[in-house]
Amino acid sequence: MNPSPSNREIMRGRCWTFAVLVGITMLTASCTSPAETPSAPKTSTTTSPAPDSGPAVVTPLLAGVIAPPIPVPATDGKVHLAYELLLTNVLNQELTLTSLDVRASDRTLLNLAGDRLAYWMRVFGNHTPTRTLGPAQAAAVWLDIVLDHGATVPAELMHAIGVSVAHPEPPLFPATMTETVAPVTVQTRKPPVIAPPLVGTNWVDGNSCCDMTPHRMALNPLNGQLWAAERFAIDYVQLLPDGRLFNGDKTKPESYPGFGADIHAASEGRVVAVVDGLPEQVPGTNPSGLPLDQYAGNYIVQVLGDGNYALYGHLKTGSIKVKVGDQVSSGQVIASLGNTGNTDGPHLHFHIMSTPDPLRSNGLPFVLSSFKLDGRIASMDAIDAIAAGKPAPMQPNFSPRDESAVSPLVLDVMSYAGR
């Protein structure tokens, strides 16, 4: 269902994404601070391996990944490997994907075919699910490998892609073939363990991994390469006790329970970028005419160590309590939740990234040290009811539970203890 310009965008990611320029489906805005000049992460692209001893085979479909996946445990009791496969049709004719298997040695970890494959695939510049690539077209497939908790994480993944062409050219390539391409080594680094950046109840993970959320789908073409900065980004939205998003005039930030809430440093670390002074936006409308450096609104970037940077975005005007160079402690109040930048409703945009640049970076997974998982919103379609001011419909028969050292998933509703 296509979202319209309304409060539902808080949950669907238009709060910090905008319509296609040259990207795939959504393009996030750059918020680079002059205080730090980011360098490209070493894991931003994967090149093809050197030829092995086998024979050369024509592969009409080129394939590679943006960044190798990092395993992360989540609230569903599973371990997720979320990453993106980039595809290019080098033929002068249409090409159709019939299947896509992700394999580890002799195991098939994921099989996509038919509508299920189309759901996860988009041609660059097109929002429509598809399995077809026109002549010289390129596309992305968003992959989520889900493993049982405690299962052995594979060291390497390979992609077997079934391809069909309308006009084969034997002996170079037949009408149907399977390409085994794009080997990628799974990273062994561990996601950082951080504290929740907020305190209180009814905090919704409105837009994060690992479904086809706008955050997950935001690929940014910058400086000649694609970046997936928001791969694991969360839009934190707070609901009222009765499950509604706002109370009163929905065009006023004060009608939203989260507006003005304290934002806490998720870990200790030095502040490396700060932007303040941008005005609050009017909820329920999508800002227009913003320059790229204002899309994150007022924000803070904090270095956490081990190549991890934390972004706190859309902060309330004048609320930032830290400056570049400050060393902050975990739990320290650093700002207030606001509605600045490219947002149509008060929320906190939070993610961990590979550089200090909120856009020109790769999103990295993280886990929260401890929290209570109170429930889960029934589905993404339920957001329409929330945007209309109705209580959020919840998944039935959900048993609240305490969680530790796991990552929230989209639509989780959580409570975070005070510190």
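Up top is the structure.
Residues numbered from 1 in each chain as written. Predicted model: local features only at pLDDT ≥ 70, side-chain atom pairs only at ≥ 80, totals over all residues. Heavy atoms only, no water.

**A closer look at the nonpolar core**
One finds Leu85, Leu100, Val141, Leu143, Leu157 and Ile161 to be the most contacted residues of the largest nonpolar core, which totals 45 residues. Elements with a minimum of two residues in this core: strand E3 (61–65), strand E5 (78–89), strand E6 (95–104), strand E7 (107–113), strand E8 (121–123), strand E10 (138–148), strand E11 (156–165) and strand E12 (176–185). Among the elements that make up this core, the one with the highest residue count is E10 (seven residues). Residues contacting Val141, with those up to four places away along its chain left out, are Tyr83, Glu84, Leu85, Leu87, Leu100, Leu117, Trp120 and Met121. One finds Ala265, Tyr312, Ile352 and Phe366 within the second-largest nonpolar core, a separate group that totals 42 residues. (Core = buried A, V, L, I, M, F, W, Y, C linked by side-chain atoms within 4.5 Å. Buried < 20%, exposed > 50% of the residue type's maximum accessible area, 1.4 Å probe, protein only. Helix = DSSP H or I, 4+ residues; strand = E, 2+ residues; numbered from the N terminus. Contact = heavy atoms within 4.5 Å.)

**Focus: the pairing of E5**
Of all the twelve residues making up E5, nine are buried; the element is thus mostly covered by neighbouring parts of the structure. Both strand E4 (residues 72–73) and E5 contribute to a ladder of two bridges, which runs antiparallel. When the bridges of E5 are listed, Val72 appears paired with His80. (Pairing = 2+ DSSP bridges.)

**Comments concerning the state of the cysteines**
Summed over the entire model, instances satisfying the criterion amount to one disulfide. A disulfide bridge connects Cys209 with Cys210, and the sulfur atoms are separated by 2.0 Å. Disulfide Cys209 to Cys210: torsion about the S-S bond roughly 95°, handedness right-handed. The class for Cys209 is buried, based on a relative accessible area of 3%. (Disulfide = S-S within 2.5 Å.)

**Things to note about the environment of Ile377**
Assignment of secondary structure puts Ile377 in the loop between strand E27 (371–376) and helix H4 (383–387). Given a relative accessible area of 0%, Ile377 falls into the buried group. Spatially, the C-alpha atoms of Ile377 and Met394 are 4.3 Å apart, while their sequence positions differ by 17 residues.

**Here's the deal with the pattern of salt bridges**
Inspection of every chain in the model, using the stated rule, returns eight salt bridges. Residues Asp148 and Lys78 are paired through a salt bridge, measuring 2.6 Å at the closest nitrogen-oxygen approach. With Asp148 in strand E10 and Lys78 in strand E5, the pair connects residues that are 70 residues apart, well separated along the chain. Residue Asp148 is classed as partly exposed on the basis of its relative accessible area, which comes to 47%. For Lys78, a relative accessible area of 28% gives the class partly exposed. The shortest N-O distance in the salt bridge between Asp357 and Arg360 comes to 3.8 Å. Residue classification places Asp357 among the buried positions, given a relative accessible area of 1%. (Salt bridge = Lys/Arg side-chain N within 4 Å of Asp/Glu carboxyl O.)

**Topic: the packing of aromatic side chains**
The geometry of an aromatic ring pair is captured by the separation of the ring centres together with the interplanar angle, meaning the angle of the planes. With the rule as written, the count across this model stands at six aromatic pairs. With a centroid separation of 5.9 Å and an interplanar angle of 80°, the aromatic rings of Tyr236 and Tyr416 are classed as edge-to-face. On the criterion of sequence distance, the pair formed by Tyr236 in strand E17 (residues 234–238) and Tyr416 in strand E29 (residues 412–416) is long-range, its members being 180 residues apart. Side by side, Tyr236 and Tyr416 carry an identical accessibility label, which is buried. Judged by centre distance (6.1 Å) and plane angle (80°), the ring pair of Phe371 and Tyr416 falls under edge-to-face. With Phe371 in strand E27 and Tyr416 in strand E29, this residue pair connects regions lying 45 residues apart in the sequence. Here Phe371 falls in the buried class, since its relative accessible area comes to 5%. (Phe/Tyr/Trp six-rings, centres within 6.5 Å; stacked < 30°, edge-to-face > 60°.)

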